[in-house]
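# Residue-level structure breakdown
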Amino acid sequence: MSILDIRVLGDPVLRKPTKPVTEITDELRKLIADMFETMYAAEGIGLAAPQIGRTERLAVVDVDGARFTLINPTIVSQDGATEKAEEGCLSIPDIYGDVDRPGTVTIRATNESGEEFEATGNELLGRCFQHEIDHLDGKLFIDYLSPLKRRSAMSKWEKAKADYPGFIRKVRTETKGEHHHETEM
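These remarks concern the structure in this document. Keep in mind that what you see is a predicted model, and the values were worked out from it rather than measured. (Residues numbered from 1 in each chain as written. Predicted model: local features only at pLDDT ≥ 70, side-chain atom pairs only at ≥ 80, totals over all residues. Heavy atoms only, no water.)

## Concerning the sheet that holds strand S2 (residues 46-48)
Read from one edge to the other, the open sheet built from five strands follows the order S2-S3-S4-S5-S6, with strand pairing classed as antiparallel. With partners counted over all chains shown, the strands left at the sheet margins are S2 and strand S6 (116-122), one partner each. Across the sheet, the mean angle from the axis of one strand to that of its neighbour is 40°, orientation sign disregarded. In the sheet, strand S4 (residues 66-89) pairs with strand S5 (residues 92-110) via 14 bridges, with the strands oriented antiparallel. Residue Glu87 lies in a different strand from S5, and its bridge partner there is Gly97. In the packing of helix H1 (residues 26-41) onto the sheet, contacts are made with S2, strand S3 (58-63) and S4, and the angle to S3 comes to roughly 40°. Along the sheet, helix H2 (residues 123-136) contacts S2, S3, S4, S5 and S6; its crossing angle with S4, the most-contacted strand, is approximately 115°. (Pairing = 2+ DSSP bridges. Helix = DSSP H or I, 4+ residues; strand = E, 2+ residues; numbered from the N terminus. Axes fitted to C-alpha atoms, helices over the stretch in contact; angles between N-to-C directions. Contact = heavy atoms within 4.5 Å.)

Okay, here's the thing in C-alpha cells:
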C-alpha cells in the first residue's frame, strides 16, 4: 500500500464530475486500499478519488469505525431538517466553514466486493457521505458558504496555497496529531 498525494484547491480535477466505475478490478481494489491509507495518514474521515487526482466515481469513508467503500454512490433519500455544522476538507487544508445539509441521508453504492448496499447516515456520517458525493460531482464545501464567508475562506487560502506547489499536498505520516480536526473529509 502507498500513501498518495492529495490534490488541493486550484487543481482542475477537483471541479470535474467523475466517471462511473464499470468493473471492480484488482487495480481498483489496490486504489481503494491506498485511499484508506492516505485518508488515515492525513487524519481525515473521508476521501474521494478526485482528491488524489483520479476520475473514478469512488470514495472511502470512516467515521468512528463506520467504514465504507463507496463505488458509484448516489443519494436515495434525505430526511429531517437541515443542520449546520463545521466542515473542512483534506483538499483545502486549515480552512473550515459551517455548512447546512440535510440531517439524515440514505445512500446506495457498491462495495469493493461488487455488492450493492444502502446505508443511512446522520450527523457526522451523513454529512461525510454528502461531502464525498459532492466531490464526485465536482462540488466543494466552500460552494455552500455565503458570499462573505466564502470570500474570507478564499483570501485565507490565497495565502496558504503557496505551501502546495503544483496543487499537491504531500501527506507524511509522522506529522500525526499536529492539527487534528475531526471534520476534515
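## A look at the pattern of salt bridges
Two side chains with opposite charge may pair up if their charged atoms get near one another. Scanning all chains against the criterion turns up 15 salt bridges. Note that Arg15 is salt-bridged to Asp143, the shortest N-O span being 2.7 Å. Of the two residues, Arg15 is situated in the loop between strand S1 (6-7) and H1 and Asp143 in the loop between H2 and helix H3 (147-160); the sequence distance between them amounts to 128 residues. Close ionic contact of Lys30 with Asp34 constitutes a salt bridge, the shortest N to O distance being 2.7 Å. Remark: Asp34 and Lys30 occur in helix H1; sequence separation between them is four residues, near one turn of the helix. Judged by relative accessible area, which is 4%, Asp34 ranks as buried. By sharing partners, the salt bridges in this structure join Glu87, Arg101, Arg127 and Asp134 into a single network. (Salt bridge = Lys/Arg side-chain N within 4 Å of Asp/Glu carboxyl O. Buried < 20%, exposed > 50% of the residue type's maximum accessible area, 1.4 Å probe, protein only.)

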